[in-house]
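Architecture at a glance
Given next are the chains, with one letter for each unit.
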Amino acid sequence: MGFDPVVLFFVFGLIAGLVKSELKLPPGLYDTLSIILLLAIGLHGGVELAEQASPALLGQTLAVLALGIALPLIAFPLLRMLRFPRVDAASIAAHYGSVSAGTFAVVIAYLLARDIMFESYMPLFVAVLEVPAIIVGILLAKGIRRDTDWKALSHEVFLGKSIMLLLGGLIIGVLAGKEAIAPLEPLYTSMFKPVLAFFLLEMGLIASRHLGSLRTTGPRLVAFALAFPLVGALAGALLGTALGLTVGGVTVLATLAASGSYIAVPAAMRLALPEANPALSLTASLGITFPFNILVGIPLYLSLAEWLAA
Amino acid sequence: MSMSTRTLLTLICEAALEPRLIKDLQRLGAPGWTLSDARGSGTRGVRSAGWDNDGNIRLEVVCGRERAEQIVHHLQERYYDDYAMICYLSDVEVLRPQKF
């Protein structure tokens, strides 16, 4: 089979940005596309969840929550070893403990294109993984101090855009069920890939802008942004295997653990840890890790999952 | 036509601060404000507003001198160290001073 066109759209955006082309999508489009993607992912998960809910799911969810707490705790000492200041290390650790819904959409499309089965309630795990790392990151930076405005912050974190869309979609999907949702099905069947392609074009353009700041952030950041996804993927894949997920499910969990947030966490960190340098974490997660996962990581994590299953 | 002088406070800063600033303005008794998206470049680099995370906002408040200085003082104390933010005051002439 040829190159995945969705990935090619990303490469196209990346190149267009790097050669400083005039190409620019209207600002509202990025928001629109990400809203459609998140809702579609949530709906699909909800519909399937209604069909295969089981008590085992609760245990799995708790295990995934623990993974979300563990990932920043692994990342933080690594970053400190690379001699990042404490606050920056904590902020970057929070980004990598949390997840990228964009990367999730790509791995889902990748598996669907190859007819590889995966547990369809995975969107639930995306929502579960998004939050804990932010709290761990703040605690790593400041300890438990009174001057953190937890009320405003929890509003930002728990009612953030991506969580609301994912959970909203999930709940609508569960309540409506498969038959009633049929008219909306194109959202996650025939429409999903075209929307994802445009979304990735824009992501390519955005990523190329952040690549530019690499010169100022240095090789230590690059080393971390390339190495940590592999550590995270291994942790995610081992957990997925221990939970008895299918090969597809293990791949998705590995990809989630390997990905770094670039929407929810930067916004939360800006408010909670304003002294952390946002250029560092965004360059790492958007400029390096996101392209790495899309181009190299996902196929790699699938091989890892297959190897672990064998 | 009689015009009165009031102070225009213009604030340009990171979009992430918007909800907090609105709360602050309400608490400090700003009579009203106008908010718009902005982009530009400064000591913190280019802020292109290409997407959520790297946009600026421009916030304008017309009020009495004393209140404007109070707001500026608060902003400086609370945000100047850690956020990309500039703010300036200018005199403007208004038609209906009782509004401000």
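Calculation notes
- Residues numbered from 1 in each chain as written.
- Chains lettered and ligands numbered in written order.
- Predicted model: local features only at pLDDT ≥ 70, side-chain atom pairs only at ≥ 80, totals over all residues.
- Helix = DSSP H or I, 4+ residues; strand = E, 2+ residues; numbered from the N terminus.
- Buried ≥ 20, exposed ≤ 12 C-beta atoms within 10 Å, placed from the backbone.
- Pairing = 2+ DSSP bridges.
- Expected span 1.5 Å × (residues − 1).
- Contact = placed C-beta atoms within 7 Å.
- Core = buried A, V, L, I, M, F, W, Y, C linked by C-beta atoms within 7 Å.
- Arc of directions from axis to C-beta.
- pLDDT = per-residue confidence, 0-100.
- Axes fitted to C-alpha atoms, helices over the stretch in contact; angles between N-to-C directions.
- Parallel < 35°, antiparallel > 145°, perpendicular 65-115°, else oblique.
- Left-handed = near helix turned anticlockwise from the far one by under 90°.
- Nonpolar A, V, L, I, M, F, W, Y, C, P; charged D, E, K, R; others polar.

1. With respect to the overall build of chain B
Along its length, chain B carries two helices and six strands. Of the regular secondary structure in chain B, the N- to C-terminal order runs β-α-β-β-β-β-α-β. If one aligns the C-alpha atoms of chain B with their principal axes, the spans along those axes are about 45 × 25 × 20 Å. Counting the 100 residues in chain B, one finds 23% classified as buried.

2. Notes on the environment of Ala89(A)
Topologically, Ala89(A) is positioned in helix H4 (residues 86-97). Separated by 187 residues in sequence, Ala89(A) and Ala276(A) have C-alpha atoms that sit 8.5 Å apart.

3. A word on unusual backbone geometry
Excluding glycine, residues mostly have negative phi values, and the peptide bonds linking residues are mostly trans. Residues and elements named next belong to chain A. One non-glycine residue, Arg 83, lies in the positive phi region at around 65°. Following the sequence through the fold, Arg 83 ends up in the loop between helix H3 (56-81) and H4. Since 8 C-beta atoms lie within 10 Å of it, Arg 83 is described here as exposed. With phi around 55°, Asp 115 is a residue other than glycine that occupies positive phi space. Counting through the fold element by element, Asp 115 comes out in the loop between helix H5 (101-113) and helix H6 (122-130). Using a count of 7 C-beta atoms within 10 Å as the deciding quantity, one classes Asp 115 as exposed.

4. Remarks on the pairing of strand S5 (residues 56-63) of chain B
Residue and element names in this part refer to chain B. Two strands pair when backbone bridges link them, and strand S1 (residues 4-14) and S5 are joined in this way by eight bridges, in the antiparallel orientation. Pairing of Leu 8 across the sheet is with Val 62, part of S5. Pairing of strand S2 (residues 34-38) with S5, which is carried by five bridges, proceeds in the antiparallel orientation. In the sheet register, Asp 37 faces S5, and the bridge partner there is Ile 57.

5. Quick word on H3(A)
Its 26 residues give H3(A) an end-to-end C-alpha distance of 38 Å, which sits within 8% of 38 Å, the value for a rise of 1.5 Å per residue. Tucked inside the fold, the buried residues of H3(A) contact H4, H6, helix H7 (132-142), helix H12 (219-242) and helix H13 (247-258) of chain A.

6. Considerations on the nonpolar core
One broad trend across soluble globular proteins is that nonpolar side chains are buried collectively. Residue and element names in this part refer to chain A. If you look at the biggest cluster of nonpolar residues, it comprises 126 residues, and the most contacted ones within it are Ala 93, Val 126, Leu 253 and Ala 254. For this core, the leading source of residues is helix H15 (residues 278-309), giving 12 residues. Once you skip the residues sitting within four places of it in the chain, Val 126 turns out to touch Val 99, Ala 101, Phe 104, Leu 166 and Leu 256.

7. Considering helix H1 (residues 5-18) of chain A
All names here are of chain A. Here H1 is 14 residues long and its end C-alpha atoms lie 20 Å apart, about the 20 Å a rise of 1.5 Å per residue gives. Of the positions making up H1, those classed as buried are Val 6, Val 7, Phe 9, Phe 10, Gly 13, Leu 14 and Gly 17. An end-on view of H1 places all buried positions within 155° of arc, on one side of the element.

8. Digging into the confidence of the model for chain A
On average, chain A scores 88 in pLDDT, and the residues at 70 or more come to 98%. Mean pLDDT across the secondary structure elements of chain A bottoms out at helix H11 (residues 214-217) of chain A, with 75, and peaks at H13(A), with 96.

9. Things to note about the packing of H5(A) against H15(A)
Residue and element names in this part refer to chain A. One way to put it is that H5 packs onto H15 with a least axis distance of 10 Å and a crossing angle of 20°. As summarised for this structure, H5 and H15 are arranged roughly parallel, according to the angle between their axes. In the crossing of H5 with H15, the sense of the turn from one axis to the other is right-handed. Note on element contacts: H15 touches H5 through Phe 290, Asn 293, Ile 294 and Ile 298, opposite Gly 102, Thr 103, Val 106, Val 107 and Tyr 110. Classifying every residue of the contact of H5 with H15 by side-chain character gives six nonpolar, three polar and no charged.

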